[in-house]
Structures are given as C-alpha cells and as structure tokens.
Amino acid sequence: MRRTQDARQAYAERSRRAVPGADAARTTADERAAARAAAAERAAAEHAADRLGHDGHDDRRADERAERRAERRAGGREEDRQRSDRKRTASADAGPAGTARTARGRTGRPRPPKPRSGSGGPPRRRNPRPRLRLVSLALTLVMLVFVVRLLQVQAVDANAYTAKANVNRYIPVTLAAERGSITDRSGVDLATTVDAYDITAAPDLLTTAHAKIPDAPRQAAALLSPILGVPEGDLVAKLTANPKSKYAVLARQQTPQVWKQIKDLKSALSDKQAKGLGNNVLAGINRERHSKRVYPNGELAAGVLGFVNAQGKGGAGIEQLLNTELAGKDGKRVYAQSGGRQVPTGDVKEQPAVPGSDVELTIDRDIQWAAQRAISDQVRASKADRGYVVVQDTRTGEILALANAPGFDPANIAEADPATLGNAALTDAYEPGSTSKLMSLAAVLEEGAATPATRVEVPNRLPRADRAFADDINHPTWYLTLNGVLAKSSNIGTILATEQLGKTQPEANEVLYSYLRAFGLGKPTGLGFPGETAGILARPADWSASQQYTIPFGQGLSLNAVQAASVYTTIAGGGERVVPTLVRGTRGADGHFTPAPQPQRTRVVSEKTARELAQMLESVVDDEEGTGAKAKIPGYRVAGKTGTSNRVDPKTGRYHGYTASFAGFAPADKPRVTVYCAVQNPTKGSYFGGQVCGPVYKQVMEFALKTMRVAPTGKAPARLPVSYRPAS
C-alpha cells in the first residue's frame, strides 16, 4: 500500500513540473488520476479480502502481484498525461481561438471521464484450488467406498457370497451303490438288481425368487404327474412343504424310461427359455440312480429272502439281516449346472460308490421249489391257515429249503397280505405234539432208564395230577416196548417212561428240561433271523401240576419249525447238534469269496443212543403198527415221526384246532437229509400228522434225495419189536 501512495505522489510532482502554467488542467488530471488510484486500491483491497483464508505465503505473493499491477497502471497514466500535455501545448500555440476553446472547456461544465477498459483494474479471478480440493475429496470418498466393498466381498463375507454364487450352480447327486445279489448254493440268482431312479427336486429352485414365476411348483407338478403316475396334489405338497430345502423325493424306483421322458421335457423347456419363450420350471428336477430289486423266481423263497422297502433298505428276511453287506456304500457326485443342464467345462467332484457284496445262501433252488409246491398244495387241499417245510443237510446243518404257504411276491409288497410277510417257519411258535416225544425218549435212553426193548404197559387212561391222561384213541391196555411207545405215539407210554428219569417227579422234570434245552428249545436257532421266536420253555419250577406230564409228549411248550427240524438233524448226525445255517458266505466286489464261520457243534446224546433212536423211528414208518406209513419211500430206509397237537389260536390265546406235523430223515442207516413239515389248523379232511404231512414229507424227501444223488439203501431195516405178549 505504501508503494502505491509513493507512486501517486511521484506522479503528481512530475505533472506539476511538466506543465507549470496549466494549474486547472493539472487539477482535473490529478482528480482523474486520484479516482483511478482509489479504484485500484479498492480492487486490491477486495482481492486481499478474498485471500484472507489462504496461508501467509499466498498473501505475500498476492500483494506483490497487486503492487506490480499498480506500478504498471501508474506508468500508463504518466504516458497518457504526457500525451495530453503535448496536445494542450499545441493548442496554445494555435492562437486565441484555441485558447478560448480550451478556456471554455475548462470553465464549462466538466465532462465525466470516459471509462476506459481496465480503468477499474483487472477483472477478479477466483483461485481454483478450493474446487480442486473438493473434487479430490469426492474422488477419495468414492474410492474408499469401492475399497471397503471389495474387502467385504473378498475377505469379510467371502464364504457367504461364495455360497450365494453357488446357488443354482452346483448340484450334489448321490451315487447309489449297487446292491449285491442273493444266490442259492449253486450261484443261481434269487434276488438281483436292475437300474432304477428316484426322482428328486430342489424346492428352493421353484420359489418365486428363483423361478421368476409365482406358480412354478404347480406347473412342475402338472408336467410330472402323468409321467410319474403320482397325483398332482401330492407333488405340489412335496414341492412346497419346505421352500428352503434343496432336496425332496417325488417318486422312488422309477424306470430308466420314466427318467428319459423327464430329461427330454427339461431339455425342451430349457431351449424355450433360452429363446425367451418361457421359464424352465423343471430346472430343479433331478434323479438319483438306484438299483431296483427284482426277484426272478417270483414267490420262491420269499420268506427267506425278504424284501427291500421304498427307501432301498432290507425290510425282512436276508435282505434285512445282511442289509449292510448287501447295500454297500453310496458315493457322491457334485457338478456345475446351468438351466438344468450340466456345464460341460464345469468342475466335477466325485466319490465313487462301493458296490455291495453278493450273498450265497445254503438254499438249493430246486429243492426249495419242490418244498414250496408241496406245502402250498397241501395247505390249499386242507383249507389250512398256513404251513411250512424245512429241509436240512444232516451233515452240515445247512438249510436246503425253508418254504412257507401262503407266500408273497417280494417285488410287489403293496399287494401282499400283511399276514404272509415274514417267515412263519421261524416266527410262529406252536406246540409240536408227538414229534417232541423223540427228545423225551432220547433222555430216557441216554440216562439208562430204559432200552428200546423195555416193556411198557399202557392203560387206556392214566390218572395224574388233576386229570386222567389218554392217547389219541381209546384202546384196551397196550403191551408195548419202548420202541412201540414211539411207533404208536402213545402219550401215556411216554409219561410212564419219563417218570423213570428221577427218583421223584421234580427230579425227573429237571433231567427232561436239561435235554430239551440241549436240543435247542427255548433259545434262538442261531440264524439271527429277523422276527425269529425262541419258543417257550418254562423252567421246571414253573411247570404246573399237569404241565409236568404234558411236556413229555409235546404239549405245554412251544417251538418254531426250524427248531423242530434241528432236533431230528441232531439224531441223524449221531447225537451232535449243529447250529442251523442259511448263509454259506459272501463275495465282494473284487470277486473274493469269504465263507461263513463254521457252525457250533454240541454233543447232546451219544452215537449209540442216536443209532437206537434212528431204528425206533424206522418202526414209525415201516412197521404196520406205526403211524407214518404214508411217508414210505421205495428203495430207501426212512426214519420219521408223526405229530398231532392241540393248537393255540394266536388271535384268542385259547386252544382251537390242531397242528399236524411230520419229521424225519433218510436214509435211516446213513442219513443225508432231514425234512420237517407242519400244517396249522387243517379244516378239510384229516387233521392227523401222518395223513396231512406224511405225503408232503415223502414228496419233498424223494425229490431231495434224487437232487443230491443219494444212493438207495442196500441193507434191510432192523425191525425192532413194537409190542410184547404179557405173561398169563
């Protein structure tokens, strides 16, 4: 500011010196110069005010620029004044006229000075730095937002966003393990597998948010219903039950043809969607490959095999017993998909499935067929409730046939009678009747209380406890040997014989009980079969007064058909009990065969006792006084025993009807096969065991002997005496 004032003073002094005689003109010029200087000062002041917010360095620079501008303006004004003075001097030299005009101009009304460009100083220019700072700040904030978002997506919430990205992209598919086959002892398939598919859905892909239409589940159900044969309403319910779910089963065990129809329909809808002509409501429909269980022989051995339920698990029989071995281990496959189709170049992760093992049974398909046909025919002919046949190898304890009638089709459980499901030969507990006398007389012989030739006087009635016991027919006093007691199946004779097992009846009861247990009664067979009954055999202390006399001839205790057959196999095997078996072994996916563990063997009676009992059983079939004549087989020596017992109705728990049975083995001198038959509640024709089951035994035994190529007997039977003449 000081420099500006000094410049003005210097300018005024120079003006006075230059034109000393023109005071008025100089005064006017000074006024104009002063006005311009004042304007310059105002401009400089305003400019300085604009710079008050800046730092000291900027203020100094601004002041210097203002001073330079003021000096330039002062210099310019000096040049103008000099030019003006020269003009006035020229006018004075021109004469009075010029002086007068000049004087007139000086003394008249003063003219306002014409504004000159830049007379008020240079135009003000705003400093761009504030704007640049604002722009920089805004860009910094924008970049900061991008950086924060990037950190959130790639670091903080990376897993969540990855999961969202995988929606609709990666589809997990279960790779079902192929279920192992079940074969007979010769490797013939009894149960095997074929390809089938479970049709599944991902309900979350059918929601409005994903499908982009509000009624995707209904549209999908309408398309699938005629293909799957499932009501549309049921499919809608499954698709909408849990909208967040990624898995729902719509139909199980569908054929490859059904899945092909669905796949073709999905492809057609996907093509339309790509052209913008609609939405693919089947994009979330998938399939899981499974092995559908089939049974090539229909009802054959259905009670043994069991069945596979809708979930692909064994529901009964061997299918349930060995489900773990048969099922194998499922695998898993995850693939990328788009629009319901697999992305060819997408990632695929696969864990292979482990196939199940094949199971080889001891069953012989041909013998099973013969046994099942024979018992089915007899049950129909007798109008009985049911019946069963057990065929067992006397040397190994292996079960060659286990037939039930009526049966069921394991491939069509939905139409089966629930009462026929399972294996009645193992699940039914019933009173065996006279076939149980073999165990009682085995105890008598083994304990040395009698021999086959011991004489037994058998009255028509025998009073014991609170009643009088009788045989199946009224008769005069019989004079029988112990062999005759078995041949004629005398209840009274059996009671009299077993009373000799102890000095008192309680002692005799304990001895008999120990033998019954040793023969396998009152405990599982060892097969571990689902639903198997161990039968009922109370301890002697719990026997009632009458029960201690009925148990010796097979009433008051119960067993299943396999237990009954095992008793006769024990005698046929020389007195050694072999735990029955149904499984020979398993064959893994690598083809390696693993045999089943060897069955446990337990000595029950001596070989001598077993031989004597075998001879006594021959009398039942071969002797004219025996009750098992219908079981004779030409060329073979047959050992057997009939049985007829009162039957407990499982519905009422009371005695109603009868159980007819026959048990035996052949050849009697070199046993190879045991056959046991029982028919429950025959209501047409005879109900005696020899009449009802004797023919079944003969039919099945003949077939088994031929199938196993067992040679006919070469020696004649011993023919033990049945009766004796009393002394007169």
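For the structure, check the block above.
Residues numbered from 1 in each chain as written. Predicted model: local features only at pLDDT ≥ 70, side-chain atom pairs only at ≥ 80, totals over all residues. Heavy atoms only, no water.

J.: When you look at the overall build of the chain in this model, what are you seeing that I'm missing?
T.: On a plain count of helices and strands, the chain comes out with 24 helices and 24 strands. Taking all 728 residues of the chain together, 45% fall into the buried category. For the chain, restricting intrachain contacts to residue pairs at least 6 apart in sequence, the fraction spanning at least 24 positions comes to 72%. (Helix = DSSP H or I, 4+ residues; strand = E, 2+ residues; numbered from the N terminus. Buried < 20%, exposed > 50% of the residue type's maximum accessible area, 1.4 Å probe, protein only. Contact = heavy atoms within 4.5 Å.)

J.: Sorry if this is basic, but what is going on with the pattern of salt bridges here?
T.: It is possible for side chains of opposite charge to pair when their charged atoms get near one another. Here the structure, examined in full by the defined rule, presents 23 salt bridges. Its salt-bridge partner being E350, residue R333 comes within 3.4 Å of it at the nearest N-O pair. Placement of R333 in strand β8 (residues 331–338) and of E350 in strand β10 (residues 348–351) is noted, with a sequence separation of 17 residues between them. The salt bridge partner of R637 is E618, with a shortest N-O separation of 2.8 Å. A residue pair is termed long-range when its members are at least 10 positions apart, and R637 in the loop between α22 (607–622) and β22 (639–648) and E618 in helix α22 qualify at 19 residues. (Salt bridge = Lys/Arg side-chain N within 4 Å of Asp/Glu carboxyl O.)

J.: Help me understand the sheet that holds strand β24 (residues 673–680) in this model?
T.: Note: strands within a sheet are paired through backbone hydrogen bonds, in either parallel or antiparallel orientation. The five strands lie next to each other as β13-β12-β24-β23-β22, forming an open sheet whose pairing is antiparallel. Whereas interior strands pair on both sides, the edge strands pair on one side only; in this sheet they are β13 (399–405) and β22. Each neighbouring strand pair of the sheet contributes to a mean axis angle of 10°, computed without reference to strand direction. With respect to the sheet, helix α14 (residues 365–382) is in contact with β12 (386–393), β13 and β24, its orientation differing from that of β13 by roughly 25°. Against the sheet, helix α21 (residues 561–572) contacts β12, β13, β22, β23 (655–666) and β24, and its axis sits at roughly 30° relative to β12. (Pairing = 2+ DSSP bridges. Axes fitted to C-alpha atoms, helices over the stretch in contact; angles between N-to-C directions.)

J.: Got a minute to help me understand a nonpolar patch on the surface in this structure?
T.: Residues L137, L141, L144 and V148 make up a contiguous nonpolar surface patch of about 380 Å² in total accessible area. With respect to the helices, strands and loops of the structure, L144 is situated in helix α5 (residues 129–156). (Patch = residues over 30% accessible without salt bridge, like charges linked within 9 Å, V, L, I, M, F, W, Y side chains within 5 Å. Areas by Shrake-Rupley, 256 points an atom, 1.4 Å probe, with all protein chains shown as cover.)

J.: What am I meant to see in the packing of helix α8 (residues 216–228) against helix α9 (residues 232–240) here?
T.: Helix-helix packing: each pair is described by the crossing angle between the helix axes and the interaxial distance. As a packed pair, α8 and α9 sit with axes 8 Å apart at the nearest point and diverge in direction by 130°. Between α8 and α9, the angle falls in the class oblique. α9 is crossed by α8, and the crossing has right-handed handedness. Where α8 abuts α9, its residues P217, R218, A220, A221, A222, L224, S225 and L228 lie against E232, L235, V236, L239 and T240. (Parallel < 35°, antiparallel > 145°, perpendicular 65-115°, else oblique. Left-handed = near helix turned anticlockwise from the far one by under 90°.)

J.: Where do I start with the nonpolar core in this structure?
T.: Grouped together as the largest cluster of nonpolar side chains are 79 residues, with contacts concentrated most on L361, L402 and Y676. With eight residues, the single largest contributor to this core is α21. Beyond its immediate stretch of four places on either side in the chain, L361 contacts I182, T183, D184, R185, L190, V304, L305, I318, L582, V583 and R584. (Core = buried A, V, L, I, M, F, W, Y, C linked by side-chain atoms within 4.5 Å.)

J.: Can you walk me through the packing of aromatic side chains in this structure?
T.: Using the criterion set out here, one finds 10 aromatic pairs in the structure. For the pair F307 and F408, a centre-to-centre distance of 6.4 Å together with 85° between the ring planes defines the contact as edge-to-face. Of this pair, F307 sits in strand β6 (residues 307–308) while F408 sits in the loop between β13 and α15 (424–427), placing them 101 residues apart in sequence. Residue classification places F307 among the buried positions, given a relative accessible area of 12%. Judged by its relative accessible area of 3%, F408 falls in the buried class. Ring centres 5.8 Å apart and planes at 25° place the aromatic pair Y388 and Y430 in the stacked group. Within this pair, whereas Y388 is found in strand β12, its partner Y430 is found in the loop between α15 and α16 (437–446), the two being separated by 42 residues in sequence. Just as Y388 is buried, Y430 falls in that class too. Of the aromatic side chains, those joined through ring pairs into one cluster are F469, Y549 and F553. The ring of W478 carries K488 above its face, with NZ or CZ at 4.5 Å from the centroid. (Phe/Tyr/Trp six-rings, centres within 6.5 Å; stacked < 30°, edge-to-face > 60°. Lys NZ or Arg CZ within 6 Å of the ring centre and 35° of its normal.)

J.: In this structure, what is going on with unusual backbone geometry? I would like to understand it.
T.: Trans is the common state for peptide bonds, and a negative phi is the common state for residues other than glycine. In this model, A405 is joined to P406 through a cis peptide bond whose omega is -5°. Looking at the secondary structure, you find P406 in the loop between β13 and α15. Residue P667 follows A666 across a cis peptide bond; omega there is -20°. Structurally, P667 can be placed in the loop between β23 and β24. The backbone phi angle of Q253 is positive, close to 55°, even though this residue is not glycine. As for its position among the elements, Q253 is in strand β4 (residues 248–254). One non-glycine residue with positive phi stands out, namely A301, at about 60°. Positionally, A301 belongs in the loop between β5 (285–294) and α11 (302–305).

J.: Help me out: how do you make sense of the environment of T362 in this one?
T.: Along the polypeptide, T362 turns up in the loop between β11 (358–361) and α14. Assessed through its relative accessible area of 0%, T362 is described here as buried. Separated by 222 residues in the primary sequence, T362 and R584 have C-alpha atoms spaced 5.5 Å apart. Not counting residues up to four positions away in its chain, the partners in contact with T362 are R185, E398, I399, L400, T581, L582, V583 and R584.

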